[in-house]
Amino acid sequence: MFAILPIDFEKRRQAVAEKVAEKGFDAYIGTRMAALHYLGGAFMPWRGMVVVTAKGDCKFIYWIGDTERIKAEGKSMDVATYFLADMFDVLKSYLDELGISKGTIGMDIVHEGNNALLAPGMLTAGEYLQMRATFPEATIKNGTDCLDEVMLIKDEAEIERLREAALVGDYGWQCGYDAVQVGVTENYLAGVMEAAIRRKGSMWSWSSTGGSEVGSGERTAYFFDVTRQATERKIGANEFIILDVHPMIDLYLGDVSVPVFFGKPNDAQKKLIECWEEAVNTVFNALKPGASISEVALLGMSVYNRYGLAEYAVPSFGHGLGVCARTEPNITPMGNGILSEGMVIAMGAHLYQPGVGGMMLEYPVLIGKNGPEKLGNLDLKVHIKDI
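A quick note: this is a predicted structure, and the numbers were derived from the prediction, not measured.

Asks: Could you give me a rundown of the packing of helix α2 (residues 33-40) against helix α6 (residues 144-151), with the residues and numbers involved?
Replies: Remark: α2 packs on α6, axes separated minimally by 11 Å, with the N-to-C direction vectors making an angle of 55°. Considering their axes alone, α2 and α6 lie oblique with respect to each other. α2 and α6 meet at a crossing whose hand is left-handed. In this structure, α2 uses Ala34, Ala35, Tyr38 and Leu39 to contact α6, whose residues at the interface are Leu147, Val150 and Met151. Classifying every residue of the contact of α2 with α6 gives 7 nonpolar, no polar and no charged.

Next up, the structure:
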């Protein structure tokens, strides 16, 4: 394991408590995996919640079947347990004890304007109904910003972990690239990459498909399609390959995908590659503190427009990255705000032309004081491999 700077979890908890008070809440109840990981310091895949009050109290409520492990592996966690259907009963006892059962409570209800990229652990409809039934006199509001605003700017310890996750992703991607040959399956390449990142310390593959993703040939070029679970399709000659690796290092996520072309591209494929690489370079160079998020995305789209390929481009150029990948900033033409020093994104670029091929970039980038900094070492280009 690499040497790591310690994280001050108490400082984090107090920072969230200050946000809770600032927003006029009595408590924030985080159910997202991001909240549990960011404030607890242990891997917590089961249903649970963390309660942070405006006065600085912090308590976790977690399933009894995994509680002893997280108490041993977490960071000074005050944990209450529930068995099966009694999580909200345990919560009521705690809020009654604090005298805030009738107060204003922020919860992980919604990220406004984004239904597709649902953060793992958002409150379910059933849980919301349970919450209303258990706390009929409480005022329940969306409280995602209590956590998101604290997580947005990364400190030195976080950047160190994200850099290591990027390097582990690089290693997994390189092992996949080296294993590319005619006749091997997408599943085989995914297995090579999974084994590689485990060797380097990855504890979990966090993607929605549950692992490393591989797409080849026509499977790289589905219109607007950013998801490719590996299949038994065999790799052929003269085709694009997408290798997408998702390591987790000490709860921090890597997201590494740069395109491969196996063989010799034809003229239409060469044009697609040229356009994609110019869009990547344009967006990367624009990732500077003070830059408008929407204007950065529009710069990328202007390249696609100039090549006459905008209809095949996904108008998204990255998302936030930390203990969660479903968070701000989202680099789209509809994105709000400006980039700030210390933000980390998985920079993206997606161009998928049916019948020709497709390319996807996902790569960890730090918004540094003087501009963008890759957290890994791979070149952000199409990697052409001879047969």
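Asks: A description of helix α4 (residues 87-98) should follow, citing residues and the corresponding values.
Replies: In a regular helix each residue adds 1.5 Å, so 12 residues correspond to 16 Å; α4 covers 17 Å between its end C-alpha atoms and thus fits that length. Residues of α4 that are buried: Met87, Phe88, Val90, Leu91, Tyr94 and Leu95. Projected onto a plane normal to the axis of α4, the buried residues spread over an arc of 155° and lie on a single side. For α4, the elements touching its buried residues are β1 (27-30), β2 (48-53), β3 (58-63), β4 (79-82), β5 (104-107) and α5 (125-134). Where α4 ends, the next residue or the one after it, Gly99, has phi of about 75°, a positive value.

Asks: Describe the nonpolar core, listing the residues and the values that go with them.
Replies: Side chains of nonpolar character tend, in soluble globular proteins, to be buried together. In this structure, Tyr304 and Leu351 are the most contacted members of the largest nonpolar core, which totals 63 residues. Here the element with the most residues in this core is helix α9 (residues 267-286); it accounts for 9 residues. In this structure, Tyr304 is in contact with Cys275, Trp276, Ala279, Leu309, Ala310, Ala313, Phe317, Ala349, His350 and Leu351, ignoring residues within four places of it in sequence. One finds Ala34, Met122, Cys146 and Ala325 within the second-largest nonpolar core, a separate group that totals 46 residues.

What counts as what
All residue numbers here refer to positions counted from 1 along the written sequence of the relevant chain. Note on the predicted model: pLDDT of at least 70 is required for a residue's local features to be given, and 80 or more for side-chain atom pairs to be given and counted; whole-chain, interface and lining totals, by contrast, use all residues. Side-chain measures were taken over the full set of non-hydrogen atoms in the model, leaving aside hydrogen atoms and water. Lines fitted to the C-alpha atoms define the axes, with helices restricted to the stretch that makes contact. Angles between their N-to-C directions range from 0 to 180 degrees. Under the DSSP-based scheme used, a helix requires at least four consecutive residues in state H or I and a strand at least two consecutive residues in state E, with every element numbered from the N terminus. Note on terminology: angles under 35 degrees are roughly parallel, angles over 145 are roughly antiparallel, angles of 65 to 115 are roughly perpendicular, and the others are oblique. For any pair of crossing helices, the crossing counts as left-handed if the nearer helix is rotated counterclockwise from the farther one by less than a right angle, and right-handed if it is rotated clockwise. Contact between two residues is taken to exist if any of their heavy atoms lie within 4.5 Å; hydrogens are not considered. Classification convention: Asp, Glu, Lys, Arg as charged; Ala, Val, Leu, Ile, Met, Phe, Trp, Tyr, Cys, Pro as nonpolar; all other residues, Gly among them, as polar. By this rule the span expected of a helix is its residue count minus one, scaled by 1.5 Å. Partly exposed describes any residue whose relative accessible area lies between the buried limit of under 20% and the exposed limit of over 50%, with all areas from a 1.4 Å probe on protein chains only and scaled to the type maximum. Here the arc refers to the directions that run from the helix axis out to each C-beta atom. Definition of nonpolar core: a set of buried residues of the types Ala, Val, Leu, Ile, Met, Phe, Trp, Tyr and Cys, connected through side-chain atoms within 4.5 Å.

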